[in-house]
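Here's the letter readout for the chains.
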Amino acid sequence: AQSVSQHNHHVILSEAASLELGCNYSYGGTVNLFWYVQYPGQHLQLLLKYFSGDPLVKGIKGFEAEFIKSKFSFNLRKPSVQWSDTAEYFCAVSSYNQGGKLIFGQGTELSVKP
Amino acid sequence: GAVVSQHPSRVICKSGTSVKIECRSLDFQATTMFWYRQFPKKSLMLMATSNEGSKATYEQGVEKDKFLINHASLTLSTLTVTSAHPEDSSFYICSVIEGQSNQPQHFGDGTRLSIL
């Protein structure tokens, strides 16, 4: 069965620090990969997605993620975080033949100190 | 603006009550919607896939008689928690796919259900 693992449960950073959140998935076939963000009191929003092509994808608000197929990984990065990046971050995977069903990781809570 | 409208945002009711949650696609017609459940400090768990005009597809371990899904139109899916008990208290979220199944999902704001 598919699964998604996010390594960090809670990350605390100071403003301007660099961020990398790990995400690994288990599935042997073709996958689509997503990072969603949930700001306090708000709904899930798409940060970025990977379907095919360049494995380094850029999303909104300065975030990027790199798909490394050999490592089954899709880590999220940002060179310099801001206080407003405080939120819950979810990695998610869907496979081509599953009708769009998303499998989510456990989520990583990011707290950025001003 | 919002793509998906979910209503109500919060429900508090007594044990044994049935509760209906609505999910509306505001900007496009959606043949497929999804229902998730999110426990505190935990990930979203897919409960079922709601298909317009046909029966919902439930994930393993989800009781279809407990969580009734009706997708009667291309813009509305409803989730009814029947005879709710305290263990059904949770955060329920719907999502909508625009176009093909490999496109990103748009999520509703969620419904906080509390059963006393």
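All of these numbers come straight from a predicted model, not from anything done at the bench. (Residues numbered from 1 in each chain as written. Chains lettered and ligands numbered in written order. Predicted model: local features only at pLDDT ≥ 70, side-chain atom pairs only at ≥ 80, totals over all residues. Heavy atoms only, no water.)

A. Expanded view of the interface of chain A and chain B. The interface of chain A with chain B comprises 20 residues on the first partner and 20 residues on the second. For the pair chain A and chain B, the two sides together bury roughly 1,600 Å², of which 56% comes from carbon and sulfur. Remark: the boundary between chain A and chain B carries one salt bridge. With a closest N to O distance of 3.1 Å, K101 of chain A and E59 of chain B form a salt bridge. When residues of the side of chain A that touches chain B are traced back to their parent elements, those giving at least two are β5 (31–38) and β6 (45–50) of chain A. For the side of chain A that touches chain B, the element with the highest residue contribution is β5 of chain A, accounting for four residues. Along the lines of polarity and charge, the residues of the side of chain A that touches chain B split into nine nonpolar, eight polar and three charged. (Contact = heavy atoms within 4.5 Å. Buried area = accessible area lost by both parts, 1.4 Å probe. Salt bridge = Lys/Arg side-chain N within 4 Å of Asp/Glu carboxyl O. Helix = DSSP H or I, 4+ residues; strand = E, 2+ residues; numbered from the N terminus. Nonpolar A, V, L, I, M, F, W, Y, C, P; charged D, E, K, R; others polar.)

B. Molecular detail of the pattern of salt bridges. Summed over all chains, the structure comprises seven salt bridges over all chains. Put simply, E64 of chain A and R77 of chain A hold a salt bridge, and the shortest N to O gap is 3.4 Å. Taken together, the residues E64 of chain A in strand β8 (residues 64–68) and R77 of chain A in strand β9 (residues 73–78) connect sequence positions 13 residues apart. Judged by its relative accessible area of 18%, E64 of chain A falls in the buried class. K66 of chain B is the partner of D88 of chain B in a salt bridge, and the nearest nitrogen-oxygen pair spans 2.7 Å. With D88 of chain B in the loop between β8 (76–81) and β9 (90–97) and K66 of chain B in the loop between β6 (57–58) and β7 (67–73), this pair connects stretches of sequence that are 22 residues apart. Take D88 of chain B: its relative accessible area is 5%, and that puts it in the buried class. (Buried < 20%, exposed > 50% of the residue type's maximum accessible area, 1.4 Å probe, protein only.)

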